[in-house]
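The chain contents come next:
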Amino acid sequence: MSCARWSPANFRERGYPKPSVSGSPPAWRKWSGAIGRFLGLQSLVQVLGFAGGIVLVRGLSTESFGLYTVLMSALMTVQILADSGTGSALASIGGGTWSDRPVFSSLVRVVQRFRTRLALAALLIAAPVYGLSALGWRGTLGALLLLPLLGAWVAVQAQVDVRSGALRIAGGTTTAQRIDLAMNVFRLVVLGLIFWLVPAVAESSADGWRLAGALAALLAVLAMQARRLRTALSPWIDAAAQERPGQSTQVRGLIRAQWLYNILYIVQGQLALLLIAASGKAQQVGEFGALARLAAVFTVFNALQTSLILPAFARLAPDPSLLRRRFLQVGAAGLALGVALWWFAWLFPRPLLWLLGPAYLHLESELTWLMAAHATLYVASVLWSLNYARGWVHGSWVIPLASLGVQLATIPLLDLGSTRGALILVFVAALPAIPLNLWLMRRGLSGGSPAP
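Cut-offs used in this document
- Within each chain, residue numbers correspond to sequence positions counted from 1 in written order.
- Only residues with pLDDT of at least 70 are given local features in this predicted model, and only at 80 or more are side-chain atom pairs given and counted; all residues enter the totals for whole chains, interfaces and linings.
- Hydrogen atoms and water are omitted, and side-chain values are computed over all heavy atoms in the structure.
- Each helix corresponds to a stretch of at least 4 residues labelled H or I by DSSP, and each strand to a stretch of at least 2 residues labelled E; elements are numbered beginning at the N terminus.
- Expected span, for any helix, means 1.5 Å times one less than how many residues it has.
- Working rule for contacts: check all heavy atoms of both residues, and any pair within 4.5 Å makes them a contact.
- Excluding any residue in a salt bridge, patches collect residues exceeding 30% relative accessible area, merging like charges within 9 Å and nonpolar Val, Leu, Ile, Met, Phe, Trp and Tyr side chains within 5 Å.
- Residue exposure ignores everything except the shown protein chains as possible cover, and the areas themselves are Shrake-Rupley values with a 1.4 Å probe.
- Salt bridge, as used here: a side-chain nitrogen of Lys or Arg that lies within 4 Å of a carboxyl oxygen of Asp or Glu.
- Three exposure classes are used, based on accessible area relative to the maximum for each residue type with a 1.4 Å probe and protein chains only: buried under 20%, partly exposed in between, and exposed over 50%.
- Per-residue confidence from the predictor is reported as pLDDT, a score between 0 and 100.
- Angles here are taken between N-to-C directions and fall from 0 to 180 degrees, while the axes themselves are lines fitted to C-alpha atoms, restricted in helices to the stretch in contact.
- For classification, angles of less than 35 degrees are called roughly parallel, those exceeding 145 degrees roughly antiparallel, those between 65 and 115 degrees roughly perpendicular, and all remaining angles oblique.
- Put simply, a crossing is left-handed when the front helix is turned counterclockwise from the back one by less than a right angle, and right-handed when it is turned clockwise.
- Three classes are used: nonpolar for Ala, Val, Leu, Ile, Met, Phe, Trp, Tyr, Cys and Pro, charged for Asp, Glu, Lys and Arg, and polar for all others, with Gly counted as polar.
- Note on aromatic contacts: the rings of Phe and Tyr and the six-membered ring of Trp form a pair at centre separations within 6.5 Å, being stacked when their planes are under 30 degrees apart, edge-to-face when over 60 apart, and tilted otherwise.

> With reference to specific residues and values, describe helix α16 (residues 433–445).
A rise of 1.5 Å per residue sets the reference length of α16, with its 13 residues, at 18 Å; its end C-alpha atoms lie 18 Å apart and thus fit the reference within 8%. For α16, the elements touching its buried residues are α11 (320–347), α13 (364–390), α14 (398–410) and α15 (419–430). Just downstream of α16 lies Gly-447, where phi reads positive at about 95 degrees.

The following block contains the structure:
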């Protein structure tokens, strides 16, 4: 690798602080500057993404937005199944090999192959769930028309996930952010044009065209993002590189360690939404999905975790004392942030609900539960991402299994035909993940998780 690539300017461009030199500022000041720059740009990315979500909420009827929520839930299910340890392999193995272009190129190639195959298999699992939901919306014809759209989305999303993850591991954090920013601007413009060109009228057919147009536009933007990420990643990988012996075995081992976790996580994570959908109350599904838009503030900090903290933690030297200290420091910061965001929503619910529109102003209590659930989920996700970055995922299936057990024990006590009941179910299910992620960390540090 050329010396030019390691210039201070390029290091700053990647979103990381410059290497320490004599007389330079303390490390905490460098990292605070890097985090500040990242959050400034990421906040703009998320504001635009949030605005696009609000356009969808306001542009669709509650029933159609309920269907959109179910579709996005199906896509999320496919993404989780398609990951199944591939992302952890990219982070934990790539964290030590990203500077070796042939080895890193081979790793990206192997991960992309596994990811695509898993995505296709996951689509076969998600399609029946999607089909049952869509049948209640526009009948068999509507389900068949949208199914190819779902398949194309899955294929493109697999490329975006691998390329974006590889770019961040390689240090191109700012480049990835700029691509996200451009795509969110374009997405917002396209959605605005669709809802302007297709006026909101009472007929369900017009509302269906608005939804179909929005989905097609979002897919087109996703395809543009995949192409731009491929171009941005080209300095770090060679598309024609041959796969290195042993890498497939490493990746397969992490997939085997995590596949049960992902299956249980999907069952546990989607249970609340599926129970509402099964009740046949489209309005409650729409409210559940619309309120989730207000939790978008957590995605800013999740992006910080994924783009800056996770790669940095993956690259740390294998010093148990250092790893434990950094793990607890990041976890404590995540806890403080989650509590602060929940407290703000509890104090000022009306201004937040106003963003969704007048149809949602009555959901003050539900908003409090939503933010409590997502604050807990955020803390758990911070801890999980650190375990994920080091490949400490062996035995992780215990986490969703415990959460599912809590959910099943709580279901008889709640009204799951209501939005509030579903949100309480999400909150209680998130609680076991925090102590169990700490257990995974201790197990990993003690050698209980085999090194990738």
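Read on for the rest.
> A description of a nonpolar patch on the surface should follow, citing residues and the corresponding values.
On the surface, Trp-259, Leu-260, Ile-263, Trp-397 and Leu-401 cluster together into a nonpolar patch covering about 450 Å² of accessible area. Note on Leu-401: relative accessible area 40%, which makes it partly exposed.

> Describe the confidence of the model for the chain, naming the residues involved and giving the relevant values.
Averaged over the chain, the pLDDT score is 75; the fraction of residues at 70 or greater is 74%. Averaged pLDDT values for the elements of the chain fall to 43 in helix α1 (residues 8–13) and rise to 90 in α16. Low pLDDT, under 50, characterises residues 1–23; the stretch is placed with 46 contacts to residues that sit more than four places away or in other chains.

> Hey, could you go over the packing of α11 against α13 for me, with residue numbers and the actual values?
At their nearest, the axes of α11 and α13 sit 9 Å apart, and the two run at 165 degrees to each other. The pairing of α11 with α13 is recorded here as roughly antiparallel in orientation. Crossing geometry of α11 relative to α13 is assigned as right-handed. Where α11 approaches α13, its residues Leu-323, Phe-327, Val-330, Gly-331, Gly-334, Leu-335, Leu-337, Gly-338, Leu-341, Trp-342, Ala-345 and Trp-346 are matched on the opposing element by Leu-367, Thr-368, Met-371, Ala-372, Ala-375, Tyr-378, Val-379, Val-382, Leu-383, Leu-386, Asn-387 and Arg-390. Taken together, the residues of the contact of α11 with α13 sort by class into 18 nonpolar, five polar and one charged.

> A description of helix α4 (residues 86–97) should follow, citing residues and the corresponding values.
Here α4 is 12 residues long and its end C-alpha atoms lie 16 Å apart, about the 16 Å a rise of 1.5 Å per residue gives. α4 sits mainly inside the fold: 11 of its 12 residues count as buried. Among all positions of α4, only Thr-86, Gly-87, Ser-88, Ala-89, Leu-90, Ala-91, Ser-92, Ile-93, Gly-94, Gly-95 and Thr-97 are buried.

> I'd like to hear about the packing of aromatic side chains, residue by residue, with values.
Evaluated as defined, the whole model comprises six aromatic pairs. Look at Trp-342 and Trp-346: their rings are 6.1 Å apart centre to centre, the planes differ by 10 degrees, and that puts the pair in the stacked class. Of this pair, Trp-342 and Trp-346 both sit in helix α11, four residues apart, roughly one helical turn. On the basis of an interplanar angle of 55 degrees and a centroid distance of 6.0 Å, the ring pair of Trp-384 and Tyr-388 is categorised as tilted. With a gap of four residues between them, Trp-384 and Tyr-388 both fall in helix α13, about one helical turn apart. For the pair shown, Trp-384 and Tyr-388 are each scored as buried. Members of the aromatic cluster, each reached through a chain of ring pairs, are Phe-313, Phe-327 and Trp-392.

> Can you tell me about the environment of Asp-100, naming the residues and giving the values?
Considering the arrangement of structural elements, one finds Asp-100 in the loop between α4 and α5 (101–169). The class for Asp-100 is partly exposed, based on a relative accessible area of 37%. Along the backbone, Asp-100 and Trp-236 are 136 residues apart, and their C-alpha atoms lie at a distance of 8.7 Å.

> Talk me through the pattern of salt bridges; I want residue IDs and the actual numbers.
Under the defined criterion, the tally for this structure stands at three salt bridges. Close ionic contact of Arg-350 with Glu-364 constitutes a salt bridge, the shortest N to O distance being 3.6 Å. Note that Arg-350 is positioned in helix α12 (residues 349–354) and Glu-364 in helix α13, a separation of 14 residues in sequence. Looking at Arg-350, the relative accessible area reads 43%, which means it is partly exposed.

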